[in-house]
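# Understanding the architecture of this molecule
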Amino acid sequence: METKLLHQGEEKLAAEILAAGGLVALPTETVYGLGADGLNEEAIKKIFIAKGRPADNPLILHIAEPQDILDLVLTLPPKASTLIDEFWPGPLTVILPKTKTVPSAVSADLPNVAVRCPANESIRLVIKYLKRPIAAPSANISGKPSPTKVSHVLQDLNGKIDAILDGGDCELGLESTVVSFVSKAPCILRPGSITKEQMEDLVGDIAVDPAVLGRIKQGQKALSPGMKYTHYAPRAKVVVVKADKETYIDFVNKNSSENILSLCFEEDKARINGKSISYGKEKDTTSQANLFFDALRKIDNLPEIELVYARCPYMQGVGLAVYNRLIRAAGFEVIEL
Ligand code: TXA
Ligand code: MG
């Protein structure tokens, strides 16, 4: 199939392709999503095939207006309501018990549904033209880094989907914060640009699912099925190096070779003797979030690289989200120096 490239202003055409049961990659403020009509089971099944996504990994439904969530969930607890009022439209996904409107292909047979009202005006317009929610996971091949540019989507899905709506580079670069309201206390299943601290200021304590920072143990149930799969992994082996700046630079300079690359911060580059790619500035976790997935894809374009030593980000605020993606890219291999 030929993948059509659509531009800003062609949202109506994108909605028509979706209404006919097609797949369109759409821009959001986090990462590009691979959209299908969220109420059309057959269209939703095509997403799983195009991405090679395991059928037990549920999808997020994207809505145009915050109040549209009411058709999709059985209850809206006060804390969920407070967060939605503050952060929607924006990079927050909430998980709640679903209504019968939600097809089981979306929720992978779970009794809950993930819902998000994105801030990106272009995808919101497509949803308004379609007049239905859009089911959309990140628009990458399962296991690959999430796409933050049209070129990333094309690398993975050209010829496999009907169209891509070009919205330029994604503003944030990491996927949305996912918060579950299924148990009594709210729980972060995936950290993102909206931080634990920001949410706790409004609703009090929020738990963090153990899978956010560690590997899920054999037999342990994943609250968010997506967390149990290898993720974001480039072809080369990645090892996270937890060390201060000087120790990290020393370590990579002592262990440098043709096949080793340092994934470091901008300020480190000039002092590293071997090959390096930077992902943002040392003290600026937002810039790290923005550049991280692109950096992983750049590594994949260097066929000689077999091993990557990645500098560990600071784990506060958005840094927690960056760390969460990095340890998955590293298959949880961490060296502490
Ligand atoms: O920013 C984002 O969230 C992007 C853009 C496109 O909106 N979407 C995205 O979707 O990252 P995806 O499918 O790549 O990641 C969704 C995550 C997965 O880890 C999935 O397992 C989890 O949310 N999830 C979805 N529905 C769920 C549910 N009902 N219960 C628990 N986890 C769920
Ligand atoms: Mg994804």
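Just so it is clear, the structure is predicted and the values come from calculations on it, not from any experiment.

## Remarks on helix α10 (residues 318-329)
Because an α-helix completes one turn every 3.6 residues, residues spaced three or four positions apart along the sequence face the same direction. Spanning twelve residues, α10 covers 17 Å between terminal C-alpha atoms, matching the ideal 16 Å at 1.5 Å per step. Within α10, twelve of the twelve residues are buried, leaving the element largely enclosed by the surrounding structure. For α10, the set of buried residues is V318, G319, L320, A321, V322, Y323, N324, R325, L326, I327, R328 and A329. In the stretch just after α10, G331 is the one whose phi turns positive, near 55°.

## Let's talk about the sheet that holds strand β6 (residues 112-116)
One open sheet holds the eleven strands; their spatial order is β1-β8-β2-β3-β7-β4-β6-β5-β9-β10-β11, and the pairing between them is mixed. Strands at the two margins of the open sheet, each flanked by one partner only, are β1 (4-6) and β11 (207-208). Where strand β10 (residues 187-190) and β11 come together, two bridges link them in parallel fashion. In the strand pairing of β11, I188 is matched with V208.

## Points about the domain arrangement of the protein
Domain boundaries in the protein define domain 1 (4-212) and domain 2 (237-336). Summarising the inter-unit geometry, the C-alpha centres of domain 1 and domain 2 are found 28 Å apart. Each partner contributes to the interface: domain 1 provides 25 residues, whereas domain 2 provides 16 residues. Both sides of the domain 1 and domain 2 interface together cover about 1,700 Å² of buried area, and 53% of this is carbon and sulfur. In terms of surface lost to domain 2, no three residues of domain 1 exceed P145, L174 and P191, which account for 33% of the buried area on that side. Linking domain 1 to domain 2 there are three salt bridges. Linking domain 1 with domain 2 are twelve residue pairs in polar contact (both at pLDDT 80 or more). In terms of residues, the side of domain 1 that touches domain 2 owes the most to one element, helix α6 (residues 150-157), which gives three residues.

Definitions and cut-offs
Residues numbered from 1 in each chain as written. Chains lettered and ligands numbered in written order. Predicted model: local features only at pLDDT ≥ 70, side-chain atom pairs only at ≥ 80, totals over all residues. Heavy atoms only, no water. Helix = DSSP H or I, 4+ residues; strand = E, 2+ residues; numbered from the N terminus. Expected span 1.5 Å × (residues − 1). Buried < 20%, exposed > 50% of the residue type's maximum accessible area, 1.4 Å probe, protein only. Pairing = 2+ DSSP bridges. Domains from an automatic or database assignment. Contact = heavy atoms within 4.5 Å. Buried area = accessible area lost by both parts, 1.4 Å probe. Salt bridge = Lys/Arg side-chain N within 4 Å of Asp/Glu carboxyl O. Polar contact = N/O pair within 3.5 Å; in protein donor to acceptor, adjacent residues only side chain to side chain.

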